[in-house]
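Coordinates in review
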Amino acid sequence: MSETYALSAEAAEFYESTFVPALFAAWAQRLVDAAAITSGQSVLDVACGTGVVARFAAGRVGPSGSVVGVDLNDAMLDVARRLRPDLDWRLGDACALPFDDGAFDVVLSQAGLMFFGDRTVALREMARVAGPDGRVVVQVPGRLSASPGYSALADVVARHAETSVVDLLGAYFAVGAPELLTELFRAAGLRIDRFDSWIGATRVGSLDTFLAAELLPIADRVDAAVRDRIVAECRAALAPFVGPDGSVTAPIEVHLIVGGRS
Ligand SMILES: C[S@@+](CC[C@H](N)C(=O)[O-])C[C@H]1O[C@@H](n2cnc3c(N)ncnc32)[C@H](O)[C@@H]1O
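All residue numbers refer to position in the chain's written sequence, counted from 1. Only residues with pLDDT of at least 70 are given local features in this predicted model, and only at 80 or more are side-chain atom pairs given and counted; all residues enter the totals for whole chains, interfaces and linings. Here the side-chain values reflect all heavy atoms present in the structure, with hydrogen atoms and water set aside.

- Under an unreviewed UniProt entry, the name given to the protein is Ubiquinone/menaquinone biosynthesis C-methylase UbiE, and the organism recorded is Cryptosporangium aurantiacum.

Spelled out as structure tokens, the structure:
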């Protein structure tokens, strides 16, 4: 997925202006709370994207602490640098983190694990750079089937497109099965201290914005006529999630795991 996740500068700005306020800022708050970060700690944000988790973490560690964000995508890092030039942003792969063993007190990763080339290797890397007493806190989308707005959208797309296209939409939910996450942590030599599943909500101002954002991964995989049919059917299928003011609230299951080296 990493190679398919290359983004333009425009897409990275769209991510920050649309996806971050719609859902990831609220997720980041929970993640940083669960990590119990204290003043003066060193924190790493793996697959930091435009940096929302790192920004929250910076507020917790204060001036005596440090926060580093690492991501494979330079366009995302450019937005992160623009917003917080004072934090340390590095280009790097979660599967080969460019840091020494035990370099961080806390390692965080939000909405990244499902995209990593080798998820077990990436978790092992997080354990390595967190060190024996460090904390590893990971948050990912849960099951598509427990996220009704998203499953309605996937059902519509499945009626019009081949499986490989539907799989692109499902990529966000690829590690959503709790037993898979538990097994990945075990295989990476990480114990689990806490496993919370909670229902978040993606909130955007209009159905047009929701569809533009959520159908982005398949935009160049279906022709215009098929896309128009998908959009028309999605308008009906997603009507239950549209409020009187036209805004969309789509529930999404989220898993939050707090752990450390076994
Ligand atoms: C959905 S975004 C999440 C960004 C951020 N954590 C947030 O909560 O907004 C997924 C991020 O994972 C990054 N990513 C994907 N594969 C990666 C890898 N192997 N190593 C580092 N980052 C990766 C992408 O570039 C992208 O910025």
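Comments concerning the overall build of the protein
- The number of helices and strands found in the protein is nine helices and seven strands.
- For the protein, the C-alpha radius of gyration of 18 Å lies close to 18 Å, the compact-globule estimate for 262 residues.
- Across its three principal directions, the C-alpha atoms of the protein cover 55 × 40 × 35 Å.
- Buried, partly exposed and exposed residues are distinguished by accessible area as a fraction of the type maximum, computed with a 1.4 Å probe on protein chains only: under 20%, between the cut-offs, and over 50%, respectively. Counting only residues that meet the buried cut, the protein has 51% of its 262 residues in that class.
- Areas reported as accessible are Shrake-Rupley estimates using a 1.4 Å probe. Residue values count occlusion only from the protein chains shown. Roughly 11100 Å² of accessible area belongs to the protein as shown, and the carbon and sulfur atoms make up 53% of that amount.
- Of the side-chain charges in the protein, 22 are positive and 33 negative, and the distance between the mean point of each set is 4 Å. A run of H or I in DSSP counts as a helix once it spans at least four residues, and a run of E counts as a strand once it spans at least two, with each numbered from the N terminus. Here the globule rule is a power law, 2.2 Å times the number of residues to the power 0.38, and the radius of gyration is based on C-alpha atoms. Residues scored as positive are Lys and Arg, those scored as negative are Asp and Glu, and His as well as the terminal groups of each chain are ignored. Charge positions come from single atoms, namely NZ of Lys, CZ of Arg, CG of Asp or CD of Glu.

Comments concerning the pairing of strand S3 (residues 88-91)
- Here the rule is simple: two strands pair whenever DSSP picks up at least two bridges between them. Direction of pairing for strand S2 (residues 66-71) relative to S3: parallel, over a ladder of four bridges. The partner of Val-70 across the bridge, within S3, is Arg-90.
- Regarding the hand of the β-α-β motif, the stretch spanning S2, helix H3 (residues 74-83) and S3 is right-handed. Consider the strands pointing away from the viewer: the crossover is right-handed when the path from the first strand over the helix to the second runs clockwise.

A short note on the packing of aromatic side chains
- Two rings from Phe, Tyr or Trp (for Trp, the six-membered ring) form a pair when their centres sit within 6.5 Å of each other. Planes less than 30 degrees apart are called stacked, planes more than 60 degrees apart edge-to-face, and all others tilted. A complete count under the given rule lists nine aromatic pairs for this structure.
- Relative to Trp-198, the ring of Trp-27 has its centre 6.4 Å away and its plane inclined at 75 degrees; by these criteria the two rings are edge-to-face. Of the two residues, Trp-27 is situated in helix H1 (residues 9-35) and Trp-198 in strand S6 (residues 190-204); the sequence distance between them amounts to 171 residues.
- Look at Trp-27 and you get buried, because its relative accessible area is 1%.
- For Trp-198, a relative accessible area of 11% translates into the label buried.
- When the ring of Phe-99 is compared with that of Phe-104, the centres are 5.2 Å apart and the planes differ by 85 degrees; the resulting orientation is edge-to-face.
- The class of Phe-104 is buried, set by a relative accessible area of 6%.
- Members of the aromatic cluster, connected to one another through ring pairs, are Phe-14, Tyr-15, Phe-19, Phe-24, Trp-27 and Trp-198.

Brief notes about the site of the ligand
- We call a residue near a molecule or strand as soon as one heavy atom of that residue lies within 4 Å of the molecule or strand. In the vicinity of the ligand, 20 residues are found, and the nearest of them are Tyr-15, Ala-47, Asp-71, Ala-94 and Gln-110.
- Residues adjacent in sequence count toward polar contacts only when both atoms are side-chain atoms; beyond that, a polar contact is any pair of N or O atoms within 3.5 Å, and within protein one must be able to donate a hydrogen and the other to accept it. With respect to the ligand, the backbone of Ala-47 contributes an N or O atom lying 2.7 Å from a nitrogen atom.
- Between the ligand and Asp-71, the relevant distance is 2.6 Å, taken from an oxygen atom to a side-chain nitrogen or oxygen of the residue.
- About the coverage of the ligand: the protein hides 99% of its 600 Å² of free accessible area.

So, the pattern of salt bridges
- What counts as a salt bridge is simple: a side-chain nitrogen of Lys or Arg found within 4 Å of a carboxyl oxygen of Asp or Glu. Inspection of the entire model under this criterion finds 16 salt bridges.
- Of the charged contacts in the structure, one is a salt bridge between Glu-16 and Arg-55, with a shortest N-O distance of 3.0 Å. A residue pair is termed long-range when its members are at least 10 positions apart, and Glu-16 in helix H1 and Arg-55 in helix H2 (residues 52-61) qualify at 39 residues. A single burial state applies to Glu-16 and to Arg-55, both of which are buried.
- Ionic pairing is found between Arg-81 and Asp-78, a salt bridge with its closest N-O pair at 3.0 Å. With a gap of three residues between them, Arg-81 and Asp-78 both fall in helix H3, about one helical turn apart.
- Judged by relative accessible area, which is 31%, Arg-81 ranks as partly exposed.

A word on the environment of Trp-89
- Its place among the elements puts Trp-89 in strand S3.
- Sequence separation of Trp-89 and Ser-39 is 50 residues, and the distance between their C-alpha atoms is 20 Å.
- Pairs of residues are marked as contacts when any of their non-hydrogen atoms sit within 4.5 Å. Aside from chain neighbours lying at most four places away, what touches Trp-89 is Cys-48, Gly-51, Ala-54, Gly-69, Leu-77, Ala-80, Arg-81 and Arg-84.
- Polar contacts involving the side chain of Trp-89 include one to the main-chain carbonyl oxygen of Arg-84, which spans 2.9 Å.

Thoughts on the packing of helix H5 (residues 148-160) against helix H9 (residues 224-237)
- Note on method: axes are straight lines fitted to C-alpha atoms, helices fitted across the in-contact stretch only, with angles between N-to-C directions ranging 0 to 180 degrees. Running from N to C, H5 and H9 point in directions that differ by 145 degrees, and their axes come no closer than 9 Å. The chirality of how H5 crosses H9 is right-handed. Together, Ala-152, Leu-153, Val-156, Val-157, Arg-159 and His-160 of H5 and Val-226, Arg-229, Ile-230, Glu-233, Cys-234 and Ala-237 of H9 make up the contact between the two elements.
- For this classification, Asp, Glu, Lys and Arg are treated as charged, while Ala, Val, Leu, Ile, Met, Phe, Trp, Tyr, Cys and Pro are nonpolar and the rest, including Gly, are polar. Taken together, the residues of the contact of H5 with H9 sort by class into eight nonpolar, one polar and three charged. Working rule for handedness: look at the near helix, and if it is turned counterclockwise from the far one by less than a right angle, call the crossing left-handed; if clockwise, right-handed.

Considering unusual backbone geometry
- Unlike most non-glycine residues, Ala-36 shows phi in positive territory, near 50 degrees.
- Within the element layout of this structure, Ala-36 appears in the loop between H1 and strand S1 (42-46).
- In this model, Ala-47 sits at a positive phi of 60 degrees, which is unusual for a non-glycine residue.
- Tracing the backbone shows Ala-47 in the loop between S1 and H2.
- On the basis of relative accessible area, Ala-47 is assigned to the partly exposed category, the value being 21%.

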